[in-house]
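# Geometric and topological summary
This is what each chain is made of:
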Amino acid sequence: MIKKAYLLFIALLVSSMGLWAQSIQGPTSVTYNKTYTYEYDAGIVTIGLWSVTGGVIQSSGSNGVDTNYATIKWTSLGSKTIEFYNPLNNVNYDTHTVTVKMDPGTIGGGGTICYNGNRTLTNTKSANAGSQSFVYLWKRKLENESSFTNAPGDNDNSTYSATGLTKDADFRRYAKANGTSVWVNTSTVTVNVRDALGAGSISNLYHNQSICHNTSPGTISGTNPIGGNGSYTYKWRKRVNGGSWGSWLNINSKSYSPGNLTATTEFQRRATSCGQNKQSNTIKIIVSPPLSPGSISAVASEVCFGSNTVISNTGAASGGEPITYLWYKKLEGGSWQGILGETNLDYSGASPSGTTQYKRMTISCGQQEESNVVSVTQLAEVLGGEISAPTEVCYQVSFTIGNATSASGGTITYSWESAPIGGSFTTIAGSSATLTVSGGITADMDYRRKATTACGSTYSNTERVNALNSLTAGGIANIAHGQTVCPGSSPAQITSFPPSGGDGSYTYKWRERLNQGSWGSWQNINTAEYTPGPLASTTEFQRQVASCGQTQTSNIIIIYVEESPTSGGSISADAEVFCDTTPAITISS
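Residues numbered from 1 in each chain as written. Predicted model: local features only at pLDDT ≥ 70, side-chain atom pairs only at ≥ 80, totals over all residues. Heavy atoms only, no water.

So, on to the sheet that holds strand β12 (residues 117-125). Overall, antiparallel pairing links the three strands, which are arranged β10-β12-β15 in an open sheet. At either margin of the open sheet sits one strand with a lone partner, and together these are β10 (106-108) and β15 (160-165). Strand after strand, the sheet turns through a mean of 25° between neighbouring axes, direction not considered. In terms of strand pairing, β12 meets β15 through four bridges, oriented antiparallel. (Pairing = 2+ DSSP bridges. Helix = DSSP H or I, 4+ residues; strand = E, 2+ residues; numbered from the N terminus. Axes fitted to C-alpha atoms, helices over the stretch in contact; angles between N-to-C directions.)

In structure tokens, the structure reads:
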């Protein structure tokens with residue numbers, strides 16, 4: 001409701017000149033719930049009254065001569081007016097039209113972030129549209145873009161999460177009162193993005209060159225990285241004889257001196273700045289003989305029950321020719337023993353039970369060196385375990401198949417299969433030892449669990465789950481359905497056509513509505529039939545049935561109740577009689 005607030009200011013001298021051509025001065029576009037000042041300069045001493053729609057006059061006064069002012073707080077949205085007029089002769093000096101827009105609030109969170117970083121734009125002051133609801137919309141303008149566009153992702157909340165920024169970006173939050181088309185926006189908040197990190201490079205005089213055994217290649221020199229925040233930390237890693245890279249070492253220096261080398265080694269530097277990691281090029285130093293034993297690796301650190309152990313050469317031995325090899329193994333709790341007849345570069349043989357360690361001895365030029373040691377474990381036989389499932393479940397109600405006995409025989413990966421009765425099994429969703437069948441089933445089904453390891457797959461037992469029938473509501477009936485009865489009459493009992501399906505156990509609720517208005521709440525009347533009391537107005541009835549996690553509603557019974565007459569009087573001819581009452585008839589002569 002639009003209200004007017006009035007305040008009368010009477011100047012020292014009342015003028016009788018009538019209407020002036022001066023106008024009210026002040027802003028025409030304002031923000032909701034904020035205060036603004038308006039002036040009316042008549043040029044002469046003036047008596048006047050301020051009137052405002054959609055706002056409240058906070059204060060008013062004059063300069064004591066010819067200027068009147070009012071401070072107004074705007075309290076509703078839309079097009080509003082201010083008037084300054086003479087209350088003595090009701091002459092309107094001027095009317096000033098003002099558009100009141102909602103307060104967009106304020107936002108924060110600007111600043112500088114790392115390349116491809118994230119930033120949360122905060123709500124430092126919420127938008128305000130008074131009693132009207134409103135919506136938010138965030139917009140973004142990247143560097144080199146000419147205009148703001150809708151920010152990607154979740155952009156309709158009071159805050160906004162900007163992710164993966166690679167360019168400077170400006171952000172604004174817009175707000176619009178529901179039912180209007182006017183958007184207002186906050187001031188712009190800028191997020192600056194640092195340059196992407198560049199790794200720099202490393203170099204060495206002996207890159208891809210050979211050095212003597214157990215000598216140093218000198219310093220591996222590194223250039224400065226670029227980008228990031230200008231502050232850099234470093235780590236170094238290496239790999240030997242073309243094997244796997246080792247872990248990153250906490251060597252925080254731009255250049256690195258690795259010391260004496262006894263095997264061909266590659267080096268790499270990682271630069272870190274502003275949350276980014278970048279790797280340099282790779283430097284390779286080739287190391288010549290004397291003897292190096294090379295390295296070995298198990299094709300598989302775990303082998304299946306009954307399978308052979310296979311160990312291959314992963315780093316070639318070096319030294320003077322000829323080079324010969326011997327293999328050794330150590331059983332759990334035992335000591336190293338030579339393996340007769342095994343003199344090849346690689347090894348393949350039967351797998352003992354448990355975990356066995358292996359190493360290779362390299363012999364050349366009167367020297368011998370042992371290789372690294374590898375361990376191989378023979379896995380136990382794979383067993384599928386057992387599952388347990390309910391024999392009956394409600395129609396389309398979720399249920400769980402339990403893990404009676406877990407599968408065994410190594411690292412197990414589970415999957416599940418189901419089949420209609422007499423049909424073929426197919427894979428279904430599920431990767432744990434138990435299975436929850438969300439949404440239940442509508443027909444009887446068989447289930448089994450598949451256990452898979454590196455050594456193959458096996459199945460659990462099969463469990464059959466029977467689905468109960470879907471719940472049907474049944475129906476209700478009444479002799480007076482669709483008929484008209486007198487006010488205060490009690491209709492006969494509403495009878496039941498029984499429901500079916502579910503688990504055979506049913507609970508009931510009833511509800512009614514009057515004169516085809518809104519339905520009342522469901523009442524806990526747990527009976528299949530229902531006898532309503534006396535009816536004062538047309539009433540509809542409906543029954544709800546619940547069983548086995550389902551609910552269904554019945555048909556609707558309606559009983560019309562005749563309306564009472566609205567006035568009395570006398571008749572002298574034919575008249576309408578109201579519902580079993582005795583009419584009074586007057587006859588004029």
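Read on for the rest.
Y38, W50, I72, W74, I82 and M102 are the most contacted members of the largest nonpolar core, which has 27 residues in total. Residue assignment for this core shows that the elements contributing at least two residues are β4 (35-41), β5 (48-53), β7 (67-74), β8 (78-86), β9 (91-101) and β16 (169-177). Dropping the residues within four chain positions of it, I82 is found in contact with I24, Y38, W50, S51, V52, I72, W74, D94, T95, H96 and V98. (Core = buried A, V, L, I, M, F, W, Y, C linked by side-chain atoms within 4.5 Å. Buried < 20%, exposed > 50% of the residue type's maximum accessible area, 1.4 Å probe, protein only. Contact = heavy atoms within 4.5 Å.)

As enumerated under the stated definition, the model contains six salt bridges in all. For K125, the salt bridge identified is with D103, shortest N-O distance 2.9 Å. On the criterion of sequence distance, the pair formed by K125 in strand β12 and D103 in the loop between β9 and β10 is long-range, its members being 22 residues apart. For D446, the salt bridge goes to R464, with nearest N and O atoms at 2.7 Å. Of this pair, D446 sits in strand β40 (residues 445-453) while R464 sits in strand β41 (residues 456-467); the two residues are 18 residues apart in sequence, bridging distant segments of the chain. The class of R464 is partly exposed, set by a relative accessible area of 42%. (Salt bridge = Lys/Arg side-chain N within 4 Å of Asp/Glu carboxyl O.)

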